[in-house]
Amino acid sequence: MTRVDLADIRAGYTSEVLRGITTTFGAGELTALLGPSGCGKTTLLKVLAGLLPAAGHLRFDGEEIGPLPPEKREVAVVFQKPLLFPHLDVQANVAFGLKMRGRAEDVTPMLALTGVEALARRKVSELSGGQEQRVALARALVTRPRLLLLDEPFSALDETLRAQMRTLVRRLQRELKTTTVFVTHDQEEASLVADRILLLLDGRVEQAGPPAELYSHPATAAAARFFGWQLLGDGRAFRPEEATLHPDDGLPGTLRDVVRWARGTRYTVALDTGETVTVDEPGYPAEPWGRVHVRLLRYLEFS
């Protein structure tokens, strides 16, 4: 297990993308790097892997590794595209990293652990997308890296396969206790796989903590917006499911739209303040067209 510490990491290409990242990835933990496109997630991953130079300090268990090239860092990366070698079969693909390190080890246990033992002699062209990612994961883990980096590895898979792969990654990470950083823009995916979420916004750490903490208690207005809270002009923020419609108590407005979906009913209300908000109610109550009030059941206040 490796503890990874970052202090004032700054990096980018033609302009600065990471603007002073200071954080810690706990030993043996799985941390999700979460944020919208362009926030710096993949840039930070490349800094950790040694694929992009950066200012600041990067330490593994207290050892400064910033100056080390990628091949000296003992870091493994699984990308969106598996990048398997088409001329090698599954077993040879998984063994490749060991071979490059001068290690001759039996990869069968890792094939079994990742569920591809029966595919050992198959060609890459004969694999499905989910099987390819399992092989890529096995190839990364068989070297016993100090740090495993996953760059949105399941984004090209359908939802059923994504769910299976999330479960596999979570199980393997807990069993092997490999310090892991998982890049995603999907909030649900982050909450399902991560011990801790690092929310990146505009190249900075907006908030870090357990998934439940970030969803229920965002520390800033920007974090609240990202996690689906609605902000009013007076600084109050609430989630759509933590409000209800009332005939005469709450924020006055006019009902503009009603959508019935699997989880209940979503109302869109134009408040008299000029703001538009949504309210999610369980079930399918009668539609109260016309004048309504939005009562906030729970809210946070930001200055």
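Residues numbered from 1 in each chain as written. Predicted model: local features only at pLDDT ≥ 70, side-chain atom pairs only at ≥ 80, totals over all residues. Heavy atoms only, no water.

### Quick word on the packing of aromatic side chains
Stated precisely, the cut-off is as follows: Two rings from Phe, Tyr or Trp (for Trp, the six-membered ring) form a pair when their centres sit within 6.5 Å of each other. Planes less than 30 degrees apart are called stacked, planes more than 60 degrees apart edge-to-face, and all others tilted. Going along the chain from the N terminus, every DSSP run of H or I of four or more residues is numbered as a helix, and every run of E of two or more is numbered as a strand. Think of it in three bands: residues with accessible area under 20% of the maximum for their type are buried, residues over 50% are exposed, and the middle band is partly exposed, with areas taken using a 1.4 Å probe on protein chains only.
In total, this model carries four aromatic pairs according to the counting rule given. Ring centres of Phe-154 and Phe-182 lie 5.9 Å apart, and the angle between their planes is 55°; on these two criteria the pair is classed as tilted. Residue Phe-154 is found in the loop between β7 (147-151) and α5 (159-176), and its partner Phe-182 is found in strand β8 (residues 180-184); the two are separated by 28 residues along the sequence. Residue classification places Phe-154 among the buried positions, given a relative accessible area of 3%. Taking the relative accessible area as the measure of exposure, Phe-182 reaches 0% and is therefore buried. Seen from their ring centres, Tyr-215 and Phe-227 are 4.8 Å apart, and the 55° between their planes marks the pair as tilted.

### Examining the packing of helix α2 (residues 90-100) against helix α4 (residues 129-141)
The following threshold applies: Lines fitted to C-alpha atoms define the axes here, with helix axes fitted over just the stretch in contact, and angles between the N-to-C directions of these axes take values from 0 to 180 degrees. Each crossing is labelled by how the near helix is turned from the far one, with a counterclockwise turn of less than a right angle marking it left-handed and a clockwise turn marking it right-handed. Whether two residues are in contact is decided by their heavy atoms: any pair within 4.5 Å suffices. Here the term charged refers only to Asp, Glu, Lys and Arg, the term nonpolar to Ala, Val, Leu, Ile, Met, Phe, Trp, Tyr, Cys and Pro, and the term polar to all other amino acids, Gly among them.
As a packed pair, α2 and α4 sit with axes 7 Å apart at the nearest point and diverge in direction by 30°. Handedness of the crossing formed by α2 with α4: right-handed. In contact with Val-90, Asn-93 and Val-94 of α2, α4 contributes Val-135, Ala-138 and Arg-139. Considering only residue class, the contact of α2 with α4 consists of four nonpolar, one polar and one charged.

### A word on the pattern of salt bridges
Filter applied, for reference: We count a salt bridge whenever a side-chain nitrogen from Lys or Arg sits within 4 Å of a carboxyl oxygen from Asp or Glu.
Within this structure, the stated rule accounts for 21 salt bridges. Note that Arg-3 is salt-bridged to Asp-5, the shortest N-O span being 3.0 Å. A residue is classified by how much of its surface remains accessible, and Arg-3, at 42% relative accessible area, is partly exposed. By relative accessible area, Asp-5 is classed as buried at 17%. Among the ionic pairs, Asp-8 bridges to Arg-10, the shortest N-O distance being 3.2 Å. On the accessibility criterion, Arg-10 (33% relative accessible area) is partly exposed. Each of Glu-159, Arg-162, Arg-166, Asp-186 and Glu-189 takes part in salt bridges that share partners, so that together they form one network.

By themselves these figures say nothing about function.
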